[in-house]
Amino acid sequence: MTSTTHGRAGARAAPENLSLRLPDGDGGTAEYRPAAAPPVPASGSPPRSRRCIAAAHVVADPLAGNAPGAPARPDWEATLAFRHHLWDTGLGVADAMDTAQRGMGLDWAATAELIRRTGAEARARGADLVCGAGTDQLDPADGNGLDPVVRAYTEQLETVQEAGAQPVVMASRALAARARGPQDYAQVYGRVLAQASQPVVLHWLGPAFDPALAGYWGADDPAEAMEHVAALITEHADRIDGIKVSLLDAGLEVRLRRMLPEGVLLYTGDDFNYPELILGDDAGHSHALLGVFAAIAPAAAEAVRALDDGDTGRYRSLLEPTVPLARHLFSAPTFHYKTGIAFLAWLNGHQPGFTMVGGAQSARDIPHLCTAFRLADRAGVLTDPELAVARLRSLLDVAGVRR
């Protein structure tokens with residue numbers, strides 16, 4: 001089988017001995033030699049023309065019990081160091097959101113501690129931080145009525161505000177299970193927003209990310225639901241900074257963006273179509289609050305800084321090659337994308353091992369992870385190819401992939 005080398009234009013030549021054998025999709029393996037990453041600044045100032053926030057994952061403590069169903073035990077040092085890495089690139093950080101495995105391994109006790117710890121780090125350096133306030137203290141299938149949902153939101157909102165972070169009012173499984181129509185969403189959100197000490201970011205997470213959120217805002221059709229959420233935002237515009245939309249449908253996002261009141265931002269959460277949505281058109285653009293930005297942080301921040309300077313060519317050359325990687329990481333079942341985010345963080349040296357709370361490192365198979373490696377290489381986001389190859393080799397050895 002022949003060796004293949006892939007990389008973006010301008011990439012430096014990789015060492016000749018930097019190769020490994022990867023699954024080829026036909027039951028065998030083929031030699032692959034990555035290209036060295038092109039020179040992209042690892043640090044820089046925050047972009048000016050767009051607010052750009054990366055949703056951060058949580059690093060599990062490899063010496064603690066993080067089995068499925070067990071209480072989460074993060075590696076706090078590595079978890080916080082990763083947030084500093086994101087801030088160093090110029091991106092803001094979104095913490096305690098779905099990328100941090102809310103509802104998929106990270107329980108409320110660990111989440112509250114995460115918010116407090118990250119909040120202290122952000123205050124110390126004056127960094128941009130938003131944190132999720134949800135209702136995951138509640139079992140969606142247990143009980144009824146809207147008052148418990150409001151109380152759960154209130155507890156988490158207070159935790160975020162006390163930490164000094166901007167709240168993201170997350171979509172609620174408990175509310176989706178109990179609401180009987182758009183009026184219930186309007187009631188709950190109205191009561192929660194009244195308690196916010198600063199404008200918040202709303203959160204619309206589509207069922208691809210969480211099937212329990214189907215029919216959110218009181219309609220199965222997202223186009224109809226959009227009318228309800230736009231009306232809610234218009235009514236409470238003074239208390240809403242923006243809305244993060246993760247529907248993986250660029251057309252719907254642009255439609256909602258054009259319905260928002262002046263001054264309310266649209267934060268794209270579309271990990272498939274983000275380059276065009278951030279670039280925008282004559283009628284406006286989206287800002288960014290993206291899980292994939294955690295995996296491509298230096299390239300993403302540098303791309304938007306190029307956009308600040310009107311250099312759309314450099315913006316596209318940096319960001320568009322990352323789209324195949326993003327579409328692979330967020331492929332169905334989309335809610336397992338966190339595994340790929342943690343995998344790439346491990347390859348790039350941001351955590352000591354490929355472990356996740358809830359044992360979620362097992363949610364993607366070896367061929368999927370090897371494809372992520374190839375696509376990350378082609379996108380130029382493997383910051384140290386030699387380290388990445390060494391770490392992937394160790395995983396392949398454990399998995400029984402023959403060299």
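Computed from a prediction, not measured in an experiment: that's the story for all the values here.

> Summarise helix α1 (residues 76-89); cite the residues concerned and give the values.
Its 14 residues give α1 an end-to-end C-alpha distance of 20 Å, which sits within 8% of 20 Å, the value for a rise of 1.5 Å per residue. With 10 of its 14 residues buried, α1 lies for the most part within the structure. Among the residues of α1, those classed as buried are W76, A78, T79, L80, F82, R83, H85, L86, W87 and T89. Of the surrounding elements, those touching the buried residues of α1 are β4 (52-55), β5 (92-95), α2 (108-125), β6 (129-133), α9 (297-308) and α12 (337-347). The opening residue of α1, the one whose side-chain oxygen lies 3.3 Å from the backbone nitrogen of E77, is D75. Following α1 by one or two positions, G90 has its phi on the positive side, about 110°.

> Explain the environment of R173 residue by residue, including any values.
As for its placement among the helices and strands, R173 is situated in helix α4 (residues 173-178). Between the alpha carbons of R173 and A214 there is a distance of 9.3 Å; along the sequence they are 41 residues apart. Excluding its chain neighbours within four sequence positions, the residues that come into contact with R173 are G103, M104, T135, P140, D210, A212 and L213.

> Provide a residue-level description of the layout of surface pockets, including the pertinent values.
Quantified by volume, the largest pocket comes out at close to 370 Å³. Residue lining of the largest pocket: 23 residues in total, with R102, G103, D136, R173 and D210 positioned closest to the centre. For the lining of the largest pocket, the secondary structure elements donating two or more residues are α4 and β8 (200-205). Partitioned by chemical class, the residues of the lining of the largest pocket number 11 nonpolar, five polar and seven charged.

> Please provide a residue-by-residue account of the pairing of β8, values included.
Within β8, six of the six residues are buried, leaving the element largely enclosed by the surrounding structure. Where burial is concerned, the two faces of β8 agree: the one with V200, L202 and W204 and the one with V201, H203 and L205 are both buried. Here two bridges tie strand β7 (residues 166-169) to β8, and the two strands are oriented parallel to one another. Within the sheet, the bridge partner assigned to V169 lies in β8 and is L202. Strand direction decides the pairing type here: β8 and strand β9 (residues 240-246), joined by six bridges, are parallel. In the strand pairing of β9, V201 is matched with G242. Handedness of the crossover joining β8 and β9 through helix α6 (residues 222-235) is recorded here as right-handed.

> How would you sum up the pairing of β4? Please name residues and give values.
Alternating residues of β4 divide into C52 and A54 and I53 and A55, and every residue in both groups is buried. Pairing between β4 and strand β11 (residues 287-290): three bridges, direction parallel. Its bridge partner lying in β11, I53 is registered against L289. Here three bridges tie β4 to β5, and the two strands are oriented parallel to one another. Pairing of I53 across the sheet is with G92, part of β5. Considered for its hand, the β-α-β crossover made up of β4, α1 and β5 is right-handed.

> Could you give an account of unusual backbone geometry, naming the residues involved and the relevant values?
Cis geometry marks the peptide bond from A332 to P333, where omega comes out at -5°. When you line up the elements, P333 lands in the loop between α11 (323-329) and α12. With phi around 55°, A96 is a residue other than glycine that occupies positive phi space. Tracing the backbone through its elements, the reader meets A96 in the loop between β5 and α2. Owing to a relative accessible area of 0%, A96 belongs among the buried residues under this scheme. Although it is not a glycine, L248 sits at a positive phi angle of roughly 55°. Here L248 is to be found in the loop between β9 and α7 (250-259).

> With reference to specific residues and values, describe the environment of S43.
On the secondary structure map, S43 appears in the loop between β3 (29-34) and β4. Taking relative accessible area as the criterion, S43 reaches 48% and is therefore assigned partly exposed. In sequence terms S43 and W87 are 44 residues apart; their C-alpha atoms lie 8.3 Å from each other. Leave out the neighbours within four places in its chain, and S43 touches D88, T89 and R305.

> Account for empty space enclosed by the protein, with residues named and values stated.
In this structure the tally under the stated criterion is three cavities of 30 Å³ or more. There is about 50 Å³ of room inside the largest cavity. Forming the boundary of the largest cavity are 13 residues, of which D98, T99, K244, G291 and Y337 lie nearest the centre. For the second largest cavity, the calculated volume is near 50 Å³. Considering the residues around the second largest cavity, the lining is formed by Q101, M104, F335, H336, K338, T339, M356, A360 and A363.

> A description of α2 should follow, citing residues and the corresponding values.
Helix length check: α2 (18 residues) gives 26 Å between terminal C-alpha atoms against 26 Å at 1.5 Å per residue, within 8%. Listed in full, the buried residues belonging to α2 are W108, A110, T111, A112, L114, I115, T118, G119 and A122. Where α2 is buried, its residues meet α1, β5, β6 and α3 (147-162). Two or three places before A109, at the opening of α2, D107 has a side-chain oxygen 3.3 Å from that residue's backbone nitrogen.

What counts, and at which threshold
Residues numbered from 1 in each chain as written. Predicted model: local features only at pLDDT ≥ 70, side-chain atom pairs only at ≥ 80, totals over all residues. Heavy atoms only, no water. Helix = DSSP H or I, 4+ residues; strand = E, 2+ residues; numbered from the N terminus. Expected span 1.5 Å × (residues − 1). Buried < 20%, exposed > 50% of the residue type's maximum accessible area, 1.4 Å probe, protein only. Contact = heavy atoms within 4.5 Å. Polar contact = N/O pair within 3.5 Å; in protein donor to acceptor, adjacent residues only side chain to side chain. 1 Å grid on protein atoms, 1.4 Å probe; cavity = no way out; pocket = protein on both sides within 12 Å on 5 of 7 lines; lining within 4 Å. Points joined across faces, edges and corners; volume = space filled by probe spheres on them. Nonpolar A, V, L, I, M, F, W, Y, C, P; charged D, E, K, R; others polar. Pairing = 2+ DSSP bridges. Right-handed = clockwise from strand over helix to strand, strands pointing away.

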